[in-house]
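Coordinate analysis (summary)
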Amino acid sequence: MSTPRGMPEGEGRMEGPEDSGADTTDGAGSAGATDIDWWSTLADPGFLRHPYPELARLQALGPVHFDQRSGVYFVLGHAAFARIVKAPQMGRDTRHWADGWCSEAYRARDPLGYRLFSEFHPQMINMDGADHARMRGVYEPAFRAQPTKALVPLVEAEARRLLDALPRRGSVDFMEAYAGPLPLRVLCALFDIPESLDETIGRWSASLIRIGDIMMTPDQKREALDALTEFKAFLREMVAARRAAPCDSLMDMAIRAYDAGTLNEEETLTNLVSMLIAGHETTVTLIGNGMLLLLRHPDQMARLRADPGLMRPAVEEFLRLEPGGNMILRIAREDFEVEGTVIPAGAPVIGLIGAINRDPDRFADPHACDIGRGGNAHFTFGGGAHFCIGAPLARLEAQVAFSELLARFPRIDPDGPEHWRLDRLNARGLARLPVRLEAAS
């Protein structure tokens, strides 16, 4: 496919078709007639810092838009996206993307990209139907209500250890000191990975998270492939070592599934890679973005301090209002009609979550931060069969993180401007968040 306008030739490519083959006049509705430079918009630093005014403008033009240049259908409406994520005609297996990365034309045109996506593909998030259920079934028992609740002491201990290292009074970078390390420490404890590897795993994750951007430069693809190769080699050695000294971690669950023939080696390694990346990054953005919302809305922080029982709906409001991702991908397995638009089989669909979660047709006063909001049907964790398997753990970690933080520091104030990560299009999170802390006397 041609490079989207605004991206220099050779510097970046969509991982999609050369020519979508979609009929822009049949079912595309008014969206087919609009001239929106979607990919320049999504990559614009101003948009990455504060996307919501532009998303609201685009949403007002209609819930579904077809981008003729890239062959992508963009969805901004809550009702439309709810239908898409639940529809059996819509899947997540990118091998069904017509003329996408799995095609021979793409393989000949971009062998580096083909190798990266093919080696990253065999995991539950990229599978549909029986293969998805088979892989998800390995880990799902660990994320049910009771096993997740049993992790509260572990999360509390990690949170308190990090808080103990903070000054009683003074300035810190919230992301570096608390939001960043807490989820990684919890996840590595669950997989029994030593703390000495935190920095290495963080580096691998930062490279691989860009696969979700859909549009990557050749250098980013090479960096991601190198990280994937190193990550899998590390996990392969860990699997071999753990067979000699088994216990009851998530790593051991994967090994038992591998030995039983439920997963093959590549599926075992790639699912472990994906869970370590997603389980880390998702919660980092949730805690960081949530803290930013409380700093921007001190009335809501005071409300939460006064009524800790609001912690659960507060976390849901953080997820809705500042989601940790900009895009959720689906592929049409069959022709599918939504809101008067026919999405043809093989077409990619991208839900723009920042718009969907603030749809005024679904949420009252959608741009307001209300930590007591009820009926908070956001889509930050996706929906349908591919609803995020780690969502219960992410919610638990955020609830504990804020409970421990607010109890320790009666006063938390901003100490300078926040800095958003501008090196990625999809994962939406902060690079830095300076805060001033003051503990009780």
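Here, the structure is the one placed above.
Read on for a plain summary of the structure. These numbers were taken from a predicted model, which means no experiment stands behind them.

About the cut-offs
- Residues numbered from 1 in each chain as written.
- Predicted model: local features only at pLDDT ≥ 70, side-chain atom pairs only at ≥ 80, totals over all residues.
- Heavy atoms only, no water.
- Helix = DSSP H or I, 4+ residues; strand = E, 2+ residues; numbered from the N terminus.
- Contact = heavy atoms within 4.5 Å.
- Core = buried A, V, L, I, M, F, W, Y, C linked by side-chain atoms within 4.5 Å.
- Buried < 20%, exposed > 50% of the residue type's maximum accessible area, 1.4 Å probe, protein only.
- Salt bridge = Lys/Arg side-chain N within 4 Å of Asp/Glu carboxyl O.
- Pairing = 2+ DSSP bridges.
- Axes fitted to C-alpha atoms, helices over the stretch in contact; angles between N-to-C directions.
- Phe/Tyr/Trp six-rings, centres within 6.5 Å; stacked < 30°, edge-to-face > 60°.
- Lys NZ or Arg CZ within 6 Å of the ring centre and 35° of its normal.

Moving on to the side chain of Glu158. Examined against the element boundaries, Glu158 turns out to sit in helix α9 (residues 152-164). Not counting residues within four places of it along the chain, the set of residues in contact with Glu158 comprises Leu182, Arg185 and Val186.

The next subject is the nonpolar core. Proteins that are soluble and globular tend to have nonpolar side chains buried together. Residues Phe174, Phe231 and Met291 are the most contacted members of the largest nonpolar core, which totals 102 residues. The element that contributes the greatest number of residues to this core is helix α15 (residues 265-296), accounting for 14 residues. Residues contacting Met291, with those up to four places away along its chain left out, are Phe174, Met301, Phe402, Leu405, Ile412 and Leu433.

Next up on the list: the pattern of salt bridges. If charged atoms from side chains of opposite charge come close, those side chains can pair. In this structure the tally under the stated criterion is 40 salt bridges. Residue Asp110 is joined to Lys221 by a salt bridge in which the shortest nitrogen-to-oxygen separation is 2.5 Å. Pair noted here: Asp110 is in the loop between α5 (104-109) and α6 (111-120) and Lys221 is in helix α13 (residues 218-244), with a separation of 111 residues, a long-range link. For the pair Asp110 and Lys221, one class covers both residues: buried. One network of salt bridges, with partners in common, ties together Arg210, Glu223, Glu281, Arg421, Asp423 and Arg424.

We now examine the sheet that holds strand β14 (residues 434-438). In space, the three strands of this open sheet follow the order β5-β14-β11, with antiparallel pairing throughout. Looking at the sheet topology across the chains shown, the edges are occupied by β5 (169-173) and β11 (411-414). Strand-to-strand twist in this sheet, taken as the mean axis angle between neighbours without regard to direction, amounts to 25°. Of the strand pairs in this sheet, β11 and β14 are connected by four bridges, and their pairing is antiparallel. Its bridge partner lying in β14, Asp413 is registered against Arg436.

Note that Asp361 resides in the loop between α18 (353-356) and α19 (391-408). Expressed as a C-alpha distance, the spacing of Asp361 and Pro45, which sit 316 residues apart in the sequence, is 28 Å.

With five bridges joining them, β5 and β14 adopt antiparallel strand pairing. Each residue of the ladder has a partner; that of Val172, found in β14, is Val435.

Turning next to the environment of Gln89. Examined against the element boundaries, Gln89 turns out to sit in the loop between α4 (78-86) and β4 (90-91). Judged by relative accessible area, which is 23%, Gln89 ranks as partly exposed. Separated by 73 residues in the primary sequence, Gln89 and Leu162 place their C-alpha atoms 46 Å from one another. Once residues within four sequence positions are removed from consideration, Gln89 is found in contact with Ile331, Ala332, Arg333, Glu334, Asp335 and Phe336.

Pairing in this open sheet of five strands is mixed, and the strands run β2-β3-β10-β7-β4 from one edge to the other. Looking along the sheet, the strands with just one partner apiece sit at the ends: β2 (64-67) and β4. As paired elements, strand β7 (residues 327-332) and strand β10 (residues 348-352) share five bridges and run antiparallel to each other. Among the inter-strand pairings, Met327 is bridged to a residue of β10, identified as Leu352.

The next point concerns unusual backbone geometry. Leave glycine aside and you will find that most residues have negative phi; peptide bonds, for their part, are mostly trans. Phi angles above zero are rare outside glycine, and Asp99 is one such case at about 60°. Here Asp99 shows up in the loop between β4 and α5. Overall, Asp99 belongs to the partly exposed group, its relative accessible area being 44%. The phi torsion at Asp192 lies on the positive side, around 60°, for a residue other than glycine. Among the secondary structure elements, Asp192 is positioned in the loop between α11 (181-190) and α12 (198-208).

Time to look at the packing of aromatic side chains. Within this structure, the stated rule accounts for 11 aromatic pairs. Judged by centre distance (4.5 Å) and plane angle (40°), the ring pair of Phe66 and Tyr73 falls under tilted. Among the residues examined, Tyr73 registers a relative accessible area of 1% and is labelled buried. With 6.0 Å between their ring centres and 70° between their planes, Phe381 and Phe387 make a pair best called edge-to-face. Residue class for Phe387 comes out partly exposed when judged on its relative accessible area of 29%. Each member of the aromatic cluster is reached from another via a ring pair, and the members are Trp38, Trp39 and Phe74. Geometry around Phe363 places Arg320 over its ring, the cationic atom sitting 5.1 Å from the centre.

With eight of its 10 residues buried, α11 lies for the most part within the structure. All of the buried residues along α11 are Leu182, Pro183, Leu184, Arg185, Val186, Leu187, Cys188 and Leu190. Contacts made by the buried residues of α11 are with α9, α10 (174-179), α12, α14 (250-259), α15 and α19. Asp192 sits one or two residues past α11 and shows a positive phi near 60°.

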